[in-house]
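Tertiary structure, described
Here are the chains, one letter per residue:
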2 protein chains.
Amino acid sequence: MSITSDLIRGHTETIILAQLYNHDSYGYEINKEIQQRTKGKYELKEATLYSAFRRLEKAGLIDSYWGDENTGARRRYYKITESGKSNYHRLIKEWNSAKEMIDSLIKVEGV
Amino acid sequence: MSITSDLIRGHTETIILAQLYNHDSYGYEINKEIQQRTKGKYELKEATLYSAFRRLEKAGLIDSYWGDENTGARRRYYKITESGKSNYHRLIKEWNSAKEMIDSLIKVEGV
DNA sequence: CCAATATACCTCGCCTGTCAAGGTATTATT
DNA sequence: AATAATACCTTGACAGGCGAGGTATATTGG
């Protein structure tokens, strides 16, 4: 297990929803953006990414459609739904309170 | 899955090490302290707690010994090792950088 | 006195998210 | 012609969390 994988676990869907919040995107691009945003410190593994897409689509938080590029490899674009947006906000709130809770639980006085 | 379970995943060991950092303790007490610290918002499930103890002991981060109470149910006390302490510090550092990374990845500009 | 509750430990087996490994297809570069 | 980059996908294993079940002792309310 890499350093951060278990700490990131559970955030994959939020990360994807965040990427899709402003504009539709596709798997390969989303992952590149994540790598850029973290300066290479983190990337989603493909299997993780695609299984997250399946879950999110099944849950109605994203929709997908094939791009109409007439050159290059085909792309499956994903679009966040209204439900996806409200879930995103919920996830952010959960993260903020979880963050506080974890901080309080792992802190040792005077260390 | 409860609200926080997947967000807490991966912090169980750090939480336990933090509890043991200042004084030896035992499973039941550790869990009570966690519930108090979080005002009942969180508790470790027993199966989670004990499997974490097994992992931590196997990894040499904690030692255990039976308490010598001559009344009440027997208690198995756990003690953090030197290796456990240094690992605790490493985990805290990892958490701090993971926290920053997650924050930057799930933020949407202007939302 | 005895039933219920609290204290305190433990294991088994399932579930879920991650990921290594493997695959396909197209286009650009060397 | 070979390699790399783009772009998609599935399968099966693994690990941590946890529901469900179990054991034993002490206390407390009715």
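Residues numbered from 1 in each chain as written. Chains lettered and ligands numbered in written order. Predicted model: local features only at pLDDT ≥ 70, side-chain atom pairs only at ≥ 80, totals over all residues. Heavy atoms only, no water.

**Points about the pattern of salt bridges**
The full count for this structure, using the stated rule, is eight salt bridges over all chains. Close ionic contact of A:D103 with B:K99 constitutes a salt bridge, the shortest N to O distance being 3.1 Å. With A:D103 in helix α5 (residues 82-106) and B:K99 in helix α5 (residues 82-106), this residue pair bridges two chains. In this structure A:D103 comes out as partly exposed when scored by relative accessible area, which is 26%. One salt bridge connects B:R90 with B:E94, and the closest N-O pair in it is separated by 2.7 Å. Placement of the pair is B:R90 and B:E94 together in helix α5, with a separation of four residues, close to one helical turn. The exposure class assigned to B:R90 is partly exposed, which follows from its relative accessible area of 40%. You can call B:E94 buried: its relative accessible area is 13%. (Salt bridge = Lys/Arg side-chain N within 4 Å of Asp/Glu carboxyl O. Helix = DSSP H or I, 4+ residues; strand = E, 2+ residues; numbered from the N terminus. Buried < 20%, exposed > 50% of the residue type's maximum accessible area, 1.4 Å probe, protein only.)

**Re the protein's contact with DNA strand D**
Around DNA strand D sit 25 residues, and of these A:Y28, A:R75, A:R76, B:R9 and B:T12 come closest. Each atom of DNA strand D within 4 Å of the protein was assigned to sugar, phosphate or base; sugar and phosphate come to 72%. A:Y26 is positioned with one of its side-chain polar atoms (N or O) 3.0 Å from a phosphate oxygen of DNA strand D. At 2.8 Å from a base nitrogen of DNA strand D is found a side-chain nitrogen or oxygen belonging to A:E46. Looking at the surface near DNA strand D, the elements that each hand over two or more residues are α3 (27-37), α4 (46-58) and β3 (76-80) of chain A together with α4 (46-58) of chain B. If one sorts the elements of the surface near DNA strand D by residue count, α4(A) sits on top with four residues. (Near = heavy atom within 4 Å. Polar contact = N/O pair within 3.5 Å; in protein donor to acceptor, adjacent residues only side chain to side chain.)

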